[in-house]
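# Summary of structural features
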Amino acid sequence: MRRISRWPIFTAVVLILALGTLASLAIATVRTSFPESSGRLMVSGLKGQVEVLRDSYGVPHIYADNPEDLFEAQGYVHAQDRFFEMDFRRHLAAGRLSELFGLTQLETDAYIRTLGWRRVAEQELAFLAPSTRRYLDAYAAGVNAYLAGRSARDLSLEYSLLGLQGLRYSPAPWTAVDSVAWLKVMAWDLSSNLTQEADRAIITGKVGAGRAAQLYPGYPLEGDFAPIVRRGDVVGKAFDPTAKRSSARPLVAGLSNDQLRQARNVLESAAKINKMVPHVLGSGSAESGIGSNSWVVAGSHTESGKAILSNDPHLATSIPSAFAQVGLHCRTVSEVCRFDVSGFSMAAMPGVVIGKNNKIAWGLTTSYVDAQDLYLEDVRGDTVRQGDRYVPLRVITEEIHVRGEDQPRTIRIRSSRHGPLLSDVDQRLQQVSPSRADPNPAHYAVALSWTALQPGRSMDALLAIDRAQNFAEFREAAALLSAPSQNLIYADTDGNIGYQLSGTAPDRRTGNGTKPSPGWDTEYDWRGTIPFGKLPYVYNPPSGYLVAANQQVIGAQYPYPLGSSFSYGWRSQEIIDRLRDAPPLTVDSAEAIFYDDTIRFAADLVPILLKIKVPDPWVVEGQRTLVGWDYSATKDSAAAAYFNVICHNIFKFTFRDELPEEDLWPTGGDRWYAVLTILINEVENPWWDDVRTPDKIETRDEILLAAMTNARKEITSLMSRDTDQWQWGKLHRVQLQNPTLGKSGIKPIERLFNRGGYQVGGGPAVVNAMGFDDRKGYAVTSGPAMRMLIDLGDLDASRWVNQSGVSGHAFHRHYDDQTELWAGQQLWPFVSSRGAVEARSSSRQELLPSG
């Protein structure tokens, strides 16, 4: 007994020593990797002197005399601030995470190798403009100049900690392909709807097409939910924004229910493996909370008489934020050096993704254009059925190096004419070993056809947008943006506003992309892609405003099916109503729109909840919190807390009996709110019945009463019996997680990198879009990665904030110095003119040509 009793003491001592070692390591190592932000530095490859001015939040504004020096300096600064993030991103894009993190990432790597992001990026280089290639090479030169002479531990704390786990590593030089490959990850995260397509097929196999369709309501919902583009149609070979005629065409379905049931196992396999891939920006679906708000108003709606533009992309919450603020300025703007742009960049590639230049401003939101289709392939060995014959699959092999293993793993990657066979992955993984092994033949396989797997010119597009000076040039640049498909909003200093749908979208011969198609039937092959000239756009609409918040792009008059995963419009319509009914906007009143907490969906459900006869007085106390509620989800709202917990229980009691697999449970949010909006008006819909009680048929009111009762119990256990103590923010907290070691499962390590505990309001399908996964609780999992408000009447009066800070170095003063502003609903000045930048600068660094 004495020996056993000593173990807790011994464990505590070891833990204290371990924590002390970690603390000492952090102090010694982190500060070593902090970059210099002042003085003079010699940088090889530069042609002339470059200045880097940083403000009190560490945001760099870079000044150079030619674009090559400008982008080389950007690469240098990105590497200073966030090299580990950049290195992680290129390993992810290449399917090489196992090299850094070991065997736990083998499945992820195998899936990404199957998709072939880096292979496509290598092909894409040949399609890019010569100037873009120069800028990519200059950016890479800047990254490599910072790496020169520095060990991994000198670059970031993460490398030192991974070294304790056995990593022996020296970062390879950065290349242009590393930058281009990151665009493929962005495209995947922001346009991936294949999980929904697979899930819908699986649900159809379980409950039939009719009942499955009730879980995927059509557009628009009943009521006033306006699409982005309210008028216009394709006339001849181009989209005409003034056209009024209708040219909708019928759509034909794909696989039969019997075929879907037969293929259920392989579809479940493909969906399961797909969900293993890390979504750095978030899983690309409106129901997951990943989306964005953007709007722009003309001077007719503002006090100044000039346009105002707003954007806040909703991505997975993380630290560092997905974005890095930067200013890129040619000292003299001319044909030789055309850049004078500031905004939000991504550490891994040159340029600014969202922001403003000296003439225009722009924002992006995910369009949810369906650019992916799943095909069920009839496979025999390494052949695949095409019509009445079997043709060879394309087969390649690749090696995956795993940290701690001497020999690489070999995998085979098979592709049909439609694309890679995703369903191969789990079969392959069962046999992946240091010696080569072939997968077992299967009758069915699932292939992915995706526009982003064809080489495009998206990098050209981003850099062309940075230097565009008017709407015509903006549209010319947007025509080059192949993936991810985005809604682009626009404003300029001359008072014009506009919208353009971008991205390569399939022109389907048959079907609409909502469920897998028979790969052997050539009638389901794509006809091609929709020409850019036929994509919807708007310029100076009569309304004087445009709102793009992931809702349906255009109505049924448009002749091409664009998608089926749009937001149902609660966010967009709330913004539209505010813009339409507001007095002339100021920057202050425009900023307030970011923080709108209204749960519009609650107006459909709460009146019914209040009519439910509740026999238990204790539950009635909870019900009373909903009386007189204005549907605002502020962080101190008791009603918002109870309402969200009720919704969770409605989802649980209504759907989990027939969808027992957790992957198919309601995640909450946009689509599931739409489902409930329809079901609550169908009192005896079979979904209300609990099939686990065969002797009873439940109806709506019984389920709602059970949900309210269980919600009362749940919220009491989570907070208090006293309804006066209920607050939405106590359940709804933001914990920013580092996407790598912040999710290691080792609490002391996670504490080094993660930040949070902030109580916030908002929720899914709310303008203040602090989303959560209903299956896992109420903690925030997605939200505005940044907020940006541009005043086109005075560009220096613009405002912005990032979710975290500019730095990716844990414990650096700029690691999380914007997070409290972000969580506390505050912006800070976003200046861009040389005089205003200098006035706010707190440090100056000169980069000089070496030698």
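The rules behind these values
Residues numbered from 1 in each chain as written. Predicted model: local features only at pLDDT ≥ 70, side-chain atom pairs only at ≥ 80, totals over all residues. Heavy atoms only, no water. Helix = DSSP H or I, 4+ residues; strand = E, 2+ residues; numbered from the N terminus. Buried < 20%, exposed > 50% of the residue type's maximum accessible area, 1.4 Å probe, protein only. Contact = heavy atoms within 4.5 Å. Areas by Shrake-Rupley, 256 points an atom, 1.4 Å probe, with all protein chains shown as cover. Core = buried A, V, L, I, M, F, W, Y, C linked by side-chain atoms within 4.5 Å. Axes fitted to C-alpha atoms, helices over the stretch in contact; angles between N-to-C directions. Parallel < 35°, antiparallel > 145°, perpendicular 65-115°, else oblique. Nonpolar A, V, L, I, M, F, W, Y, C, P; charged D, E, K, R; others polar. pLDDT = per-residue confidence, 0-100. Polar contact = N/O pair within 3.5 Å; in protein donor to acceptor, adjacent residues only side chain to side chain. Pairing = 2+ DSSP bridges. Expected span 1.5 Å × (residues − 1). Phe/Tyr/Trp six-rings, centres within 6.5 Å; stacked < 30°, edge-to-face > 60°. Lys NZ or Arg CZ within 6 Å of the ring centre and 35° of its normal. Arc of directions from axis to C-beta.

Let us look at the overall build of the protein chain. A tally of helices and strands in the protein chain yields 27 helices and 31 strands. Within the protein chain, buried positions represent 63% of all 851 residues. The contacts of the protein chain with a sequence gap of at least 6 include a subset with a gap of at least 24, amounting to 74%. Element-wise, carbon and sulfur atoms account for 51% of the exposed surface of the protein chain, whose accessible area totals about 30,800 Å².

It is worth spelling out the nonpolar core at this point. Counting 193 residues, the largest nonpolar core has Trp295 and Tyr499 as its most contacted members. Looking at which element gives the most residues to this core, the answer is helix H2 (residues 67–94), with 12 residues. Ala602, Leu609, Phe651 and Trp728 belong to the second-largest nonpolar core, a separate cluster that totals 61 residues.

The next point concerns the packing of H2 against helix H8 (residues 157–164). The N-to-C vectors of H2 and H8 enclose an angle of 55°; their axes lie 9 Å apart at closest approach. Taken together, the axes of H2 and H8 are oblique relative to one another. Counted together, Phe83, Phe84 and Asp87 of H2 and Glu158, Tyr159 and Leu162 of H8 form the full contact between these two elements. Here the contact of H2 with H8 is composed, by residue class, of four nonpolar, no polar and two charged.

Averaged over the protein chain, the pLDDT score is 91; the fraction of residues at 70 or greater is 89%. Between residues 1–13, whose pLDDT stays under 50, and residues either more than four places distant or in other chains, the model counts zero contacts. Ignoring residues within four places in sequence, the model shows residues 428–442, a span with pLDDT below 50, making 32 contacts including any to other chains.

It is worth spelling out the side chain of glutamine 557 at this point. One can find glutamine 557 in the loop between strand S24 (545–547) and helix H17 (570–581). Residue classification places glutamine 557 among the buried positions, given a relative accessible area of 16%. Within the structure, glutamine 557 has its side chain in polar contact with the backbone oxygen of glycine 232 (distance 3.1 Å).

Here we have 11 strands laid out as an open sheet, ordered S1-S31-S2-S3-S8-S9-S10-S11-S18-S19-S23, and mixed in their pairing. Every interior strand has two partners, whereas the edge strands, strand S1 (39–43) and strand S23 (537–539), have only one. Between one strand axis and the next, the sheet turns through 20° on average, direction left out of account. Judged from the six bridges that link them, strand S2 (residues 50–55) and strand S31 (residues 841–849) form a sheet pairing that is antiparallel. Residue pairing for S31: aspartate 55 is matched across the bridge by serine 841. Against the sheet, H2 contacts S1, S2, strand S3 (60–64), strand S8 (324–330), strand S9 (340–345) and S31, and its axis sits at roughly 160° relative to S8.

Here we come to H17. Given 3.6 residues to a turn, an α-helix orients residues that are three or four positions apart in the same direction. Taking 1.5 Å of rise per residue, 12 residues should cover 16 Å, and H17 covers 17 Å from first to last C-alpha, within 8% of that figure. Counting buried residues in H17 gives nine out of 12 residues, a clear majority hidden from the surface. When H17 is considered as a whole, its buried residues turn out to be Trp570, Arg571, Ser572, Gln573, Glu574, Ile575, Ile576, Asp577 and Leu579. Buried positions along H17 lie against strand S6 (291–297), strand S7 (308–316), S24, helix H18 (587–593) and helix H22 (670–679).

Mapped onto the fold, arginine 840 is located in helix H27 (residues 834–840). Placed 783 residues apart in sequence, arginine 840 and tyrosine 57 show a C-alpha to C-alpha distance of 9.9 Å. When residues no more than four places from it in sequence are discounted, the contact partners of arginine 840 are Asp55, Ser56, Trp828, Pro829 and Val831.

By the definition in use, this model includes 40 aromatic pairs. The interplanar angle of 35° and the centroid separation of 4.3 Å between the aromatic rings of tyrosine 57 and tryptophan 828 together place this pair among those described as tilted. Of the two residues, tyrosine 57 sits in the loop between S2 and S3 while tryptophan 828 sits in strand S30 (residues 828–830), which places them 771 residues apart along the sequence. The interplanar angle of 80° and the centroid separation of 6.0 Å between the aromatic rings of phenylalanine 225 and tryptophan 570 together place this pair among those described as edge-to-face. One end of the pair, phenylalanine 225, is in the loop between helix H11 (209–213) and strand S4 (233–235); the other, tryptophan 570, is in helix H17, with 345 residues separating them in the sequence. One exposure class covers both phenylalanine 225 and tryptophan 570, and it is buried. Within the aromatic cluster, the residues linked to one another by ring pairs are Phe225, Trp570, Phe601, Trp629, Tyr631, Phe643 and Tyr673. Above the ring of tryptophan 687, the side-chain terminus of arginine 211 is found at 4.1 Å from the ring centroid.

Along helix H16 (residues 471–478), the residues classified as buried are Phe471, Phe474, Arg475, Ala477 and Ala478. Within H16, the buried residues cover an arc of 160° as seen down the axis, which keeps them to one side. On its buried side, H16 packs onto strand S11 (360–366), helix H15 (458–467), strand S18 (486–492), strand S19 (497–501) and S23. For H16, the N-terminal capping position is held by asparagine 470, with its side-chain oxygen 3.2 Å away from the main-chain nitrogen of alanine 472.

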